[in-house]
Amino acid sequence: MRPETSRAVKAGFNPRRLHHWIAFGFGSGLAPRAPGTFGTLAALPLYLILAPLPLGAYLAVLAVLILVGVWACDRTARDLGSADPGAIVWDEFAGLLVTLTAAPPGWVWVLAGFLLFRFFDILKPWPIYWLERRVRGGLGIMLDDLAAGLAAWGCLHLIHQAVG
């Protein structure tokens, strides 16, 4: 058995289930190390597709992706019998998209948003940690990363304002 196949089987990934494809970030969550970081990296092409949209359309798509994520993460976590499996990374997709909402143009800001999101997602300062511990199911899986995305979004825009 190839390593990526055994990792997929070990993670409980079922390629016949659409919600697994979504929750596992189109397979990025099956990375052998740091699946959250790989999931966040895998979200960058989606951001690049959405970035040219007008803000209202971007936010509408983001809302749909969050709702789909709550459903997919909830079903997948139940399938796997775990509250928040590490291989579920759709929450990283949503969190990065929140972070980069109305981001200043340029790769430096995308990179800064990526790093800020990973910082808040990994360290989980209050209230992010509190949300992760209190809210269950698909909403719980998504909510702490959405909060990390909001914190990173605020910092990104404050930094942009400070450096002009």
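Here, the structure is the one placed above.
Rules used in this analysis
Residues numbered from 1 in each chain as written. Predicted model: local features only at pLDDT ≥ 70, side-chain atom pairs only at ≥ 80, totals over all residues. Heavy atoms only, no water. Helix = DSSP H or I, 4+ residues; strand = E, 2+ residues; numbered from the N terminus. Rg over C-alpha atoms; globule rule 2.2 N^0.38 Å. Buried < 20%, exposed > 50% of the residue type's maximum accessible area, 1.4 Å probe, protein only. Contact = heavy atoms within 4.5 Å. Areas by Shrake-Rupley, 256 points an atom, 1.4 Å probe, with all protein chains shown as cover. Lys, Arg positive; Asp, Glu negative; His and termini not counted. Charge placed at Lys NZ, Arg CZ, Asp CG, Glu CD. Polar contact = N/O pair within 3.5 Å; in protein donor to acceptor, adjacent residues only side chain to side chain. Patch = residues over 30% accessible without salt bridge, like charges linked within 9 Å, V, L, I, M, F, W, Y side chains within 5 Å. Salt bridge = Lys/Arg side-chain N within 4 Å of Asp/Glu carboxyl O. Expected span 1.5 Å × (residues − 1).

A. Broad picture of the overall build of the protein chain. When helices and strands are counted, the protein chain shows eight helices and zero strands. Along the protein chain, helices and strands appear, N-terminal first, in the series α-α-α-α-α-α-α-α. Computed over the C-alpha atoms, the radius of gyration of the protein chain is 15 Å, within 12% of the 15 Å expected from 2.2 N^0.38 for a compact globule of 164 residues. Within the protein chain, the fraction of its 164 residues that count as buried is 45%. A sequence separation of at least 24 residues applies to 73% of the contacts in the protein chain between residues at least 6 apart. Approximately 8,600 Å² of the protein chain is accessible, and the part contributed by carbon and sulfur atoms is 70%. Taking the average location of the 13 positive side-chain charges in the protein chain and that of its 10 negative ones, the two points are 6 Å from each other.

B. Region of the structure containing the side chain of T76. In this structure, T76 sits in helix α4 (residues 55-80). Owing to a relative accessible area of 0%, T76 belongs among the buried residues under this scheme. Within the structure, the side chain of T76 is placed 2.8 Å from the backbone oxygen of A72, a separation counted as a polar contact. With near-sequence residues (within four places) excluded, T76 lies in contact with H19, H20, A23, F24 and I88.

C. Expanded view of a nonpolar patch on the surface. Together, L18, W21, F26, V64, V68 and W71 line one region of the surface with nonpolar side chains, adding up to about 570 Å² of accessible area. Put simply, the parts of the chain that give the nonpolar patch at least two residues each are α2 (18-23) and α4. Here the nonpolar patch gets three residues from one element, more than from any other, and that element is α4. Within the element layout of this structure, V68 appears in helix α4.

D. Spotlight on helix α3 (residues 35-50). Taking 1.5 Å of rise per residue, the 16 residues of α3 would be expected to cover 22 Å, and the 23 Å separating its terminal C-alpha atoms lies within 8% of that figure. Within α3, burial applies to P35, G36, G39, T40, A43, L44, Y47 and L50.

E. Focus on the pattern of salt bridges. Using the criterion set out here, one finds six salt bridges in the structure. With a closest N to O distance of 2.6 Å, R118 and D121 form a salt bridge. Highlighted residues: R118 and D121, both in helix α6 (residues 107-123), separated by three residues, approximately one helical turn. Salt bridges linked by common partners bring E92, R118, D121, K124 and D144 together as one network.

F. Spotlight on the environment of V110. Considering the arrangement of structural elements, one finds V110 in helix α6. Put simply, V110 and K124 are 14 residues apart on the chain and 21 Å apart in space, counted from C-alpha to C-alpha. Once you skip the residues sitting within four places of it in the chain, V110 turns out to touch L44, Y47 and L100.

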